[in-house]
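Coordinates in review
Residues per chain, in single letters:
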Amino acid sequence: MDQALLRAVRARAQSNYELPVLFDMERVADGVYAAIAKPQSLLNSNAVIVENAEDLMIVDTHSKPSAVASLVRQLRDSVSKKPVRYVVASHFHWDHSQGLPAYRRLAPRADFISSDATRRLVSEQTVPRLKASFEDLRRAADVYKKSAAETKSAAQKTAFETMRRETLDYLHEMEQFTPELPNVTLSRDLVIHDKAHDLHLAFRGRGHTAGDVIVHIPSKKTVITGDLAHGFFPFLGDAYPLEWPRTLLSVAEFEFTNIAGGHGAVFRSRDRLYQMGNYIEEVTDQVARRRQRGMPLAAIAPEITPDKLRTFADGGFGAASAEAIIRYRRLAPPAPSVVDVAADAVKSNVEQIYNALERG
């Protein structure tokens, strides 16, 4: 079955395509592993693999089928040869759910699990958003080609050529993409009683999207959070910023120490969850108060900067988030500074919250 998936992926991609190693495997707890996504021009999510008594649960499926093939190969080599029994989509975003069809080919009898809202959003949003991205990606590939031709730096030339190749490979692979919908959904709680441990899937409210699901493994003191809490700055393009901090406080009612999120490193304390919630709450409050006074976005953005945010420095949240972006994302050379990444991230968050307030 594994070989069939690998052959299918290669057939969808260019004839000379070789599967790269796209993930670094980290042990979160006994029988729980985080596949930390390496930098790519088109972002992959992390995945979390839970080894059950007789099978595997995989949380989040990356941005493309070839990433699934790459991860499956790594799992078979270094984690377990047990079959995939459950695949969880923490939310509907492309970099977390576009690998679902590949897992269906790999594990036809597996259950694909999400919240009710995520299933609806995968059905409604995946194809239109993917098609809308193609033209932007083609333009980006042209820019990378031009930049590679114009630069005098060998390192920059290599970087731009890599970014162009990865972008074109993604476009080729995704041209005939058809989404796969979860076949099991939950509105609040679903508990799987495996012989090895209980797996508690929970929806606790809107946050990063309308349907974020977490997976709690009580015996492992671990919670798998998708993009509700992770190592980057939050993305609020589809978010509910007035509700997100409350949702995180509801997640905090579970007992855990380890947080395995959708991007960046694994966290070994609960602090990251509170830091992200407090940051979102502070920025949202500052944007909302200014918007209520009738200030336009162009006037609001310059007033909300990292140095003016109390929560930015809390526990090193802002600097650590910027450092994670530099480490785990493929960015156009030369590498930006932590200060510049942080400033751009806060500016983007202000704009996203300004627009998202209408949803809340």
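Basis of the calculations
Residues numbered from 1 in each chain as written. Predicted model: local features only at pLDDT ≥ 70, side-chain atom pairs only at ≥ 80, totals over all residues. Heavy atoms only, no water. Buried < 20%, exposed > 50% of the residue type's maximum accessible area, 1.4 Å probe, protein only. Helix = DSSP H or I, 4+ residues; strand = E, 2+ residues; numbered from the N terminus. Pairing = 2+ DSSP bridges. Core = buried A, V, L, I, M, F, W, Y, C linked by side-chain atoms within 4.5 Å. Contact = heavy atoms within 4.5 Å. Axes fitted to C-alpha atoms, helices over the stretch in contact; angles between N-to-C directions. Parallel < 35°, antiparallel > 145°, perpendicular 65-115°, else oblique. Left-handed = near helix turned anticlockwise from the far one by under 90°. Nonpolar A, V, L, I, M, F, W, Y, C, P; charged D, E, K, R; others polar.

What follows covers the pairing of strand E11 (residues 222-226). Buried residues dominate E11, accounting for five of its five residues. Both faces of E11 are covered, namely the face carrying Thr 222, Ile 224 and Gly 226 and the face carrying Val 223 and Thr 225. Where strand E10 (residues 213-217) meets E11, three bridges bridge the pair, whose relative direction is antiparallel. Residue Val 215 lies in a different strand from E11, and its bridge partner there is Ile 224.

Okay, the nonpolar core next. Within the largest apolar cluster, 66 residues are counted, with the highest numbers of intra-cluster contacts made by Met 57, Leu 201 and Phe 233. Setting aside residues up to four positions removed in sequence, Phe 233 forms contacts with Tyr 279, Phe 312, Phe 317, Gly 318, Ser 321, Ala 322, Ile 325, Ala 342, Ala 345 and Asn 349. By size, the runner-up hydrophobic cluster in this structure holds 25 residues, among which are Ala 47, Leu 71, Ala 89 and Ala 110.

So, about the pairing of strand E9 (residues 198-203). In terms of burial, E9 is largely enclosed, as five of its six residues are buried. In this sheet, E9 lies alongside strand E8 (residues 189-193) in antiparallel orientation, the contact comprising five bridges. By the bridge assignment, Val 191 is partnered in E9 with His 200. From the end of E8 to the start of E9, which pair antiparallel, there are four residues. Looking at chain direction, E9 and E10 are connected through four bridges and run antiparallel. By the bridge assignment, Leu 201 is partnered in E10 with Val 215.

A separate point is the packing of helix H7 (residues 244-251) against helix H8 (residues 271-292). For any two helices packed against each other, the geometry is given by the interaxial angle and the distance between the axes. Two elements in contact, H7 and H8, have axes separated by 8 Å at closest approach and are oriented at 160°. Relative to H8, the element H7 is oriented roughly antiparallel. The interaxial crossing formed by H7 with H8 has left-handed handedness. Residues Trp 244, Pro 245, Leu 248, Leu 249 and Val 251 of H7 pack against Leu 273, Tyr 274, Met 276, Gly 277, Ile 280 and Glu 281 of H8. Of the residues belonging to the contact of H7 with H8, the class tally is nine nonpolar, one polar and one charged.

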